[in-house]
Number of protein chains: 2
Amino acid sequence: MEKKKPSLEELFSPEGVAVVGVSPSGKSSFATLGVLALKEAGFPAIYPVNPKYTEVLGLPCYPSLRAIPGVVDHVVVSIPAESALALLDDCAAKGVRSVHFFTAGFSESGHTERAELEKAMLDKARAGGFRIIGPNCVGLFVPRSRLINDVGIPLEPGPIAFISQSGGHAQNLPLYGGPRGLRFSKVVSYGNALDVDESELLDCFSRDPETEIIAAYIEGVKDGKRFLRALREAAARKPVVIYKGGTTEAGRRTAHGHTASLTSSVAVFDALCRQMKTIQVDDIEEMIDVLVALRFAVPLPQGTGVAVVGAGGGPSVLASDEMEKAGLRLPHLSPEVQAELRQFLPLAGSIFGNPVDAPNLASPEAISATMRVLGKVADIHMLVYHLGFHPISRWAPGRFSSAAFLKPVIDALVETHQMSGKPVLLALCPAPELGGMKEFLATQEAFVEAGFPVFNSLRQAARAMARVVAWNQV
Amino acid sequence: MEKKKPSLEELFSPEGVAVVGVSPSGKSSFATLGVLALKEAGFPAIYPVNPKYTEVLGLPCYPSLRAIPGVVDHVVVSIPAESALALLDDCAAKGVRSVHFFTAGFSESGHTERAELEKAMLDKARAGGFRIIGPNCVGLFVPRSRLINDVGIPLEPGPIAFISQSGGHAQNLPLYGGPRGLRFSKVVSYGNALDVDESELLDCFSRDPETEIIAAYIEGVKDGKRFLRALREAAARKPVVIYKGGTTEAGRRTAHGHTASLTSSVAVFDALCRQMKTIQVDDIEEMIDVLVALRFAVPLPQGTGVAVVGAGGGPSVLASDEMEKAGLRLPHLSPEVQAELRQFLPLAGSIFGNPVDAPNLASPEAISATMRVLGKVADIHMLVYHLGFHPISRWAPGRFSSAAFLKPVIDALVETHQMSGKPVLLALCPAPELGGMKEFLATQEAFVEAGFPVFNSLRQAARAMARVVAWNQV
């Protein structure tokens, strides 16, 4: 007889976590890295399991799940696929709620007996009343519960839930999005989707009070109708950002080898995503950009009018082309506005159109004055200040990350934002060498801490904002 | 009566350079930075000019051009536009060959009297038998002559000539392309193109024996017919890579304010570029990628078949999608080739299709063995190895930049390249924090020094290679 299966909500705050398949040496083993991450996060009850050892990373190591004295409700597994069924018997005996398999080499390998093994695993989970996450994934990351699968991910909770069929993307979104200010309620990597799948996760995060924005990386959908229902429901309640992997013939083939996904027709998927009012992106970088826009370009712009401010004729021409190609508009500045700008910007080397380009637009005073003027223009709905960490920064290394530059500029941008009620965006372009990167990272950190949306190029800012504005206007 | 005007070739190896408008304090003045750059480059005869000072950056400073005792054949100018005509009289008296104006605020300002001032300047240049570069530009960079306009640019000469209407782009291509291995014969930023223009530069580099590849950033063309003739001639002799700025209505408006350019119809320009067999790109980043491909992905691939190798299911799905979207093919691997790979790659977590993805593909042995096997496959025309500096690298920081990793991998890639006669490419993805960036930069440097084309994402590799293969097949 089957026991009642726990809901996903019940999996997000385990009391004790067992990690099966650890070794004290190999730091590159997923299981050992998992223990390390849980330890660094301060998770209270971690139980390494491996009959070969008595201690791993300073923690007592147990010969089996059954030998653990305390409560274990979540199990993290990195052992050969062949040993999976025996382990699941132990899980049932111990009364766990969820089992996450790092282990790969199941249905995605294309071998029939491995697909059958998966089915037998699911039967055991149903009979034992516990859930399986994966196999072939990196599992759960719940900052509030200090439940974590990887080191280097920000532990502060936030409003974004991420559903990822790929383990790598599940790690990379928080890692690369972290310095841009993105924080997460839950990240779930679900790999082969044997039990927990994209539709159930969508349903769950759609209802989750801790989640305000849902992001998803999906290779294949298990049940089209269920997914459609879940997506409609979720997109009606919250912004949903979707990156679909496997949109080409080669991509579909690879997705099948990666997570045994049978990807659907791209045209159908695209049409559904549009109809359901989701935002589609083409990679993790674009997903980060759109999440940054949704989260920090607030209130979201009420139209497509953008003002671009920064030094450099080349970047200004590029900005114009990219904004317009993306679907944004650069409204002309009236003679009155231009006259105001001429009061503090020099004639030589300046462009008083939109973009506004002037050699002194790297000075706090000129930036502040310009932003204040443009914030008042009616058909401008958002303002972008751009700064390349080359070549200007090497004239005075460290200048842009200094308080003398950052404090007055941030104050002026905060004031522009508050007075105008329009989002103020930053396009900060990284440097090609270490000194410039150091300055870039410090400057980015300061703007992110002040609550601004920071993009790493004018093109990325243009594309993300165009997507979010289009989504918001539907 | 007009004197004979010097050819461009005569401008590239000046004996003495005067820099007019320096100041000892303001390091952010273009002129002072120019002196600093020339000094650092070891240019032998630099003459700062400013009546207010007797010494600048440790060099004697002269009150006027005429007061300089030695030969001056090139003059770098950063003084107000109003003083330009008087200065040009001095230039004529001193018998210089070329005058480069950093100074902006001429015709691009939109003021009629400034456009007339430009005309008067050109008359003086014709009468005096010298050339004007700009105004409103950063001028000449000729590594062989140690003639340089900026610090931080690689001084080693190379085979690429860059013609840039934007000063910022003229500096950024060598600065950002330097770490990727790009080296230059000449870089000329020509701004408002009052005298020296895009057509004359194209003609010059088309004949230049030191130039093998021509890159150009163009906002507007002064004489359509002349440009067409020059482009046809150049593209018949050498690869020509063109980035056209101002391809949208907003971009055209900004380009006019930037360099007084009247940009032509985009459709016409696009058609001409295709007809003339040039390679078009959309920004400086893509230009760097295409130049890296032309320069180091040699011999250029004889077809569109690509093999992708690296760890990670997510990146492998992305690689498949990006390669196919760009127009490249990922040929299926035969059962025999797959069987060969299975001898050293594990079943669990691997994809034996193309891309080849296996957890141990970050080990030198597995990379080497896989590349050797794939190098022999007939319909594969190029091989890509990809490596993200997250999350793998933080399992063992510094590992990928260590000789223990780099030496065997580089040896194997060099061997694969030599045995197969096919280009081997690297897609190395930068990290979002300083430690990872340090490792990324060191690893990139090692591959670049070994002569490999390095791209900073799978997408960039796909797009650049697709462009170059298409161009090569015409």
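Note on numbering: residues in each chain are counted from 1, in written sequence order. Written order decides the labels, with chains lettered from A and ligands numbered from 1. Only residues with pLDDT of at least 70 are given local features in this predicted model, and only at 80 or more are side-chain atom pairs given and counted; all residues enter the totals for whole chains, interfaces and linings. Calculated side-chain values reflect all of the structure's heavy atoms, with hydrogen atoms and water omitted.

1. Some words on the sheet that holds strand 10 (residues 184-189) of chain B
All names here are of chain B.
Then, number 1: In spatial order, the strands read 8-10-9-11-12-13; together these six strands make up an open sheet with mixed pairing. Single-partner strands in this sheet number two, and they are strand 8 (139-141) and strand 13 (279-281). Shown here is a sheet whose adjacent strand axes are inclined to one another by a mean of 20°, direction ignored.
Then, number 2: Pairing between strands requires that DSSP locate at least two bridges from one strand to the other. Going along the chain from the N terminus, every DSSP run of H or I of four or more residues is numbered as a helix, and every run of E of two or more is numbered as a strand. Pairing between strand 12 (residues 240-244) and strand 13: three bridges, direction parallel. Along strand 13, the bridge assignment pairs Tyr-243 with Val-281.
Then, number 3: Contact criterion: two residues are considered in contact whenever any of their non-hydrogen atoms come within 4.5 Å of each other. Convention adopted: a line fitted to C-alpha atoms gives each axis, helices being fitted over their contacting stretch, and angles between N-to-C directions are expressed from 0 to 180 degrees. Lying on the sheet, helix 6 (residues 224-237) is in contact with strand 11 (213-218) and strand 12; it crosses strand 12 at an angle near 140°.
Then, number 4: Across the sheet, helix 9 (residues 284-296) lies against strand 9 (157-164), strand 11, strand 12 and strand 13, angled at about 175° from strand 12, the strand it touches most.

2. What to know about the interface of chain B and chain A
Then, number 1: With 74 residues of chain B at the contact, the number on the chain A side is 74 residues.
Then, number 2: The salt bridge criterion pairs a side-chain nitrogen of Lys or Arg with a carboxyl oxygen of Asp or Glu, the two atoms within 4 Å. In this assembly, chain B and chain A are joined by four salt bridges.
Then, number 3: A salt bridge links Arg-459 of chain B to Asp-283 of chain A, with the shortest nitrogen-to-oxygen separation between them at 3.0 Å.
Then, number 4: We define a polar contact as two N or O atoms separated by no more than 3.5 Å, with the added condition that, inside protein, one atom must be a possible hydrogen donor and the other a possible acceptor, whereas residues neighbouring each other in sequence contribute only through side-chain atom pairs. Where chain B touches chain A, the interface holds 20 residue pairs in polar contact (both at pLDDT 80 or more).
Then, number 5: Taken together, the elements giving at least two residues each to the side of chain B that touches chain A come down to helix 1 (30-41), helix 4 (167-177), strand 12, helix 7 (249-259), helix 10 (313-326) and helix 14 (434-449) of chain B.
Then, number 6: Broken down by element, the residue count for the side of chain B that touches chain A peaks at eleven residues, all from helix 10 of chain B.
Then, number 7: All residues other than Ala, Val, Leu, Ile, Met, Phe, Trp, Tyr, Cys, Pro, Asp, Glu, Lys and Arg, Gly among them, are scored as polar; the first ten of these are nonpolar and the last four charged. Split by residue class, the side of chain B that touches chain A holds 29 nonpolar, 25 polar and 20 charged.

3. Focus on a positive patch on the surface
Then, number 1: The residues that make up patches have over 30% relative accessible area and no salt bridge, and they are joined within 9 Å when like-charged or within 5 Å when they are Val, Leu, Ile, Met, Phe, Trp or Tyr. To be clear on the numbers: accessible area is Shrake-Rupley with a 1.4 Å probe, and residue cover counts the displayed protein chains and nothing else. Just so you know, the count uses Lys and Arg for positive and Asp and Glu for negative, and it drops His and the chain ends. To locate a charge, the coordinates of NZ of Lys, CZ of Arg, CG of Asp or CD of Glu are taken. Together, Lys-325 and Arg-463 of chain A together with Lys-325 and Arg-463 of chain B give the surface a local cluster of positive charge.
Then, number 2: Mapped onto the secondary structure, Lys-325 of chain A falls in helix 10 (residues 313-326).
Then, number 3: Burial classification: accessible surface area is computed with a 1.4 Å probe over protein chains only, and a residue below 20% of its type maximum counts as buried, one above 50% as exposed, and the rest as partly exposed. Judged by relative accessible area, Lys-325 of chain A falls into the partly exposed class, the value being 46%.

4. Thoughts on the nonpolar core
Then, number 1: Throughout, nonpolar core names a set of buried Ala, Val, Leu, Ile, Met, Phe, Trp, Tyr and Cys residues whose side chains join them through atoms within 4.5 Å. Val-19, Phe-162, Phe-205, Met-287, Leu-291, Leu-294 and Met-323 of chain B are the most contacted members of the largest nonpolar core, which has 104 residues in total.
Then, number 2: Once you skip the residues sitting within four places of it in the chain, Met-323 of chain B turns out to touch Val-306, Val-308, Leu-328, Leu-330, Val-384, Leu-458 and Ala-462 of chain B.

5. Some points on the pattern of salt bridges
Then, number 1: With the rule as written, the count across this model stands at 46 salt bridges over all chains.
Then, number 2: Among the salt bridges present, the one from Arg-114 of chain A reaches Glu-82 of chain A, with a minimum N-O distance of 2.8 Å. Here the residue Arg-114 of chain A occupies a position in helix 3 (residues 112-128), and Glu-82 of chain A occupies one in the loop between strand 5 (74-77) and helix 2 (84-94), the gap between them amounting to 32 residues.
Then, number 3: Ionic pairing is found between Arg-459 of chain B and Glu-322 of chain B, a salt bridge with its closest N-O pair at 2.9 Å. Here the residue Arg-459 of chain B occupies a position in helix 15 (residues 458-473), and Glu-322 of chain B occupies one in helix 10, the gap between them amounting to 137 residues.
Then, number 4: Judged by its relative accessible area of 15%, Arg-459 of chain B falls in the buried class.

6. Structural notes on helix 2 (residues 84-94) of chain B
Residues and elements named next belong to chain B.
Then, number 1: All of the buried residues in helix 2 are Ala-84, Leu-87, Leu-88, Asp-90 and Cys-91. Axial view of helix 2: buried residues confined to an arc of 155°, hence all on one face.
Then, number 2: In this structure, the buried residues of helix 2 make contact with strand 1 (17-20), strand 5 (74-77), strand 6 (98-101), helix 3 (112-128) and strand 7 (131-133).
Then, number 3: Directly after helix 2, the chain includes Gly-95, whose backbone phi takes a positive value near 75°. When we speak of the arc, we mean the arc of directions from the helix axis to the C-beta atoms.

7. Thoughts on the pairing of strand 12 of chain B
Residues and elements named next belong to chain B.
Then, number 1: For strand 12, the tally of buried residues reaches five of five residues, placing the bulk of the element in the interior.
Then, number 2: Taking every second residue as pointing to the same face, both faces of strand 12 are buried, with Val-240, Ile-242 and Lys-244 on one and Val-241 and Tyr-243 on the other.
Then, number 3: Examined bridge by bridge, strand 11 and strand 12 share five bridges and lie parallel to one another. Within strand 12, the residue paired with Ile-214 across the bridge is Val-240.
Then, number 4: Chirality of the crossover, the property in question, places the unit of strand 11, helix 6 and strand 12 among those that are right-handed. Consider the strands pointing away from the viewer: the crossover is right-handed when the path from the first strand over the helix to the second runs clockwise.

8. Thoughts on helix 14 of chain B
Then, number 1: Across its 16 residues, helix 14 of chain B extends 22 Å between first and last C-alpha, which sits within 8% of the 22 Å expected from 1.5 Å per residue.
Then, number 2: Taken residue by residue, helix 14 of chain B has Gly-436, Met-437, Glu-439, Phe-440, Leu-441, Thr-443, Gln-444, Phe-447 and Val-448 of chain B as its buried positions.
Then, number 3: Residues of helix 14 of chain B that are buried sit in contact with helix 14 (434-449) of chain A together with helix 13 (403-420), strand 16 (424-429) and strand 17 (454-455) of chain B.
Then, number 4: Capping the start of helix 14 of chain B, Glu-433 of chain B holds a side-chain oxygen 3.0 Å from the backbone nitrogen of Gly-435 of chain B, two or three residues further along.
Then, number 5: Positive backbone phi, at 95°, marks Gly-451 of chain B, one or two positions downstream of helix 14 of chain B. In a helix, the anticipated span is given by 1.5 Å times the number of residues less one.

9. A few points about empty space enclosed by the protein
Any empty space left between atoms is shown by rolling a water-sized probe over those atoms.
Then, number 1: Here a cavity means grid points, on a 1 Å grid over the protein atoms only, where a 1.4 Å probe fits yet cannot get out; a pocket means an open set of points with protein on both sides within 12 Å along at least five of seven lines; lining residues are those with an atom within 4 Å of a point. Grid points are joined across faces, edges and corners, and a volume is the space filled by probe spheres set on the points. Summed over the entire model, instances satisfying the criterion amount to three cavities of 30 Å³ or more.
Then, number 2: In this structure, the largest cavity encloses a volume near 90 Å³.
Then, number 3: Val-19, Gly-34, Leu-38, His-74, Val-76, His-100, Phe-102, Val-138, Leu-140, Leu-147, Ile-148 and Asn-149 of chain B are the residues that line the largest cavity.
Then, number 4: Taken together, the elements giving at least two residues each to the lining of the largest cavity come down to helix 1 and strand 5 of chain B.
Then, number 5: Along the walls of the second largest cavity sit 13 residues, with Val-76, His-100, Leu-140, Ile-148 and Asn-149 of chain A positioned nearest its centre.
Then, number 6: Those elements that place two or more of their residues in the lining of the second largest cavity are helix 1 (30-41) and strand 5 of chain A.
Then, number 7: Here the element with the most residues in the lining of the second largest cavity is helix 1 of chain A; it accounts for three residues.
Then, number 8: Residues that form the lining of the second largest cavity fall into these classes: nine nonpolar, four polar and no charged.

10. Focus on the sheet that holds strand 7 of chain B
Residues and elements named next belong to chain B.
Then, number 1: Read from one edge to the other, the open sheet built from five strands follows the order 2-1-5-6-7, with strand pairing classed as parallel. Either end of the sheet is taken by a strand with one partner, and the two such strands are strand 2 (46-49) and strand 7. Sheet twist, expressed as the average angle between the axes of neighbouring strands with direction ignored, equals 20°.
Then, number 2: As defined by bridge partners, strand 1 adjoins strand 5 across four bridges and the pair is classed as parallel. Opposite Val-19, over in strand 5, you have Val-76 as the bridge partner.
Then, number 3: Lying over the sheet, helix 2 contacts strand 1, strand 5, strand 6 and strand 7, oriented at roughly 155° with respect to strand 6.

11. Describing the side chain of Glu-118 of chain A
Residue and element names in this part refer to chain A.
Then, number 1: Assignment of secondary structure puts Glu-118 in helix 3.
Then, number 2: As a buried residue without a salt bridge, Glu-118 has its nearest oppositely charged side chain in Lys-222, at a separation of 8.1 Å.
Then, number 3: Those residues in contact with Glu-118 that sit more than four places away from it in its chain are Phe-106, Ser-107, Pro-135, Asn-192 and Leu-194.

12. Digging into the packing of aromatic side chains
Residues and elements named next belong to chain A.
Then, number 1: Each aromatic pair joins two rings of Phe, Tyr and Trp (for Trp, the six-membered one) with centres within 6.5 Å, and gets the label stacked for planes under 30 degrees apart, edge-to-face for over 60, and tilted for any other angle. Overall, the coordinates contain 14 aromatic pairs over all chains when judged by the stated rule.
Then, number 2: Considering the side-chain rings of Tyr-47 and Tyr-62, the 5.9 Å spacing of their centres and the 70° angle between planes classify their relative orientation as edge-to-face. In this pair, Tyr-47 sits in strand 2 (residues 46-49) while Tyr-62 sits in the loop between strand 4 (59-60) and strand 5, placing the two residues 15 residues apart along the sequence.
Then, number 3: Classification of Tyr-47 as buried rests on a relative accessible area of 14%.
Then, number 4: Sitting above the plane of the Phe-269 ring, Lys-244 keeps its charged end 5.4 Å from the centroid.
Then, number 5: Charge-over-ring contacts are defined here by two conditions on Lys NZ or Arg CZ: a distance within 6 Å of the ring centre and an angle within 35 degrees of the ring normal. Over the aromatic face of Phe-352 sits the side chain of Arg-342, whose NZ or CZ is 4.1 Å from the ring centroid.

13. Section: the state of the cysteines
Then, number 1: The disulfide definition used here is simple: a pair of cysteine sulfur atoms within 2.5 Å. Taken as a whole, this structure holds zero disulfides over all chains when the rule is applied.
Then, number 2: In this structure Cys-273 of chain A is not part of a disulfide, and its nearest cysteine sulfur, from Cys-204 of chain A, lies 20 Å away.
Then, number 3: Summary of cysteine pairing: Cys-204 of chain B is not part of a disulfide, and the nearest cysteine sulfur, belonging to Cys-137 of chain B, is at 15 Å.

14. Comments concerning the packing of helix 11 (residues 335-342) of chain B against helix 12 (residues 364-375) of chain B
Angle between the axes and distance between the axes: these two values describe a pair of packed helices.
Residue and element names in this part refer to chain B.
Then, number 1: Close contact between helix 11 and helix 12 brings their axes to 10 Å; oriented N to C, the two are set at 165°. As far as their axial angle goes, helix 12 and helix 11 are roughly antiparallel. The two elements helix 11 and helix 12 cross, and the hand of that crossing is right-handed. When helix 11 is examined against helix 12, the residues Val-337, Glu-340 and Leu-341 are found in contact with a partner set consisting of Thr-370, Val-373 and Leu-374.
Then, number 2: Residues belonging to the contact of helix 11 with helix 12 are distributed by class as follows: four nonpolar, one polar and one charged. Each angle is binned into one of four classes, with values under 35 degrees roughly parallel, values over 145 roughly antiparallel, values of 65 to 115 roughly perpendicular, and all other values oblique. Take the far helix as the reference: if the near one is turned anticlockwise from it by less than a right angle, the crossing is left-handed, and if turned clockwise, right-handed.

15. Overview of unusual backbone geometry
Then, number 1: Look at the link from Gly-134 of chain B to Pro-135 of chain B: it is a cis peptide, with omega at 0°.
Then, number 2: Position of Pro-135 of chain B among the secondary structure elements: in the loop between strand 7 and strand 8.
Then, number 3: A cis amide bond links Val-298 of chain B with the next residue in sequence, Pro-299 of chain B, at an omega value of -10°.
Then, number 4: Relative to the helices and strands, Pro-299 of chain B resides in the loop between helix 9 and strand 14 (306-309).
Then, number 5: With phi around 55°, Ala-193 of chain A is a residue other than glycine that occupies positive phi space.
Then, number 6: In this fold, Ala-193 of chain A is placed in the loop between strand 10 (184-189) and helix 5 (198-207).
Then, number 7: What makes Ala-193 of chain A buried here is its relative accessible area of 2%.

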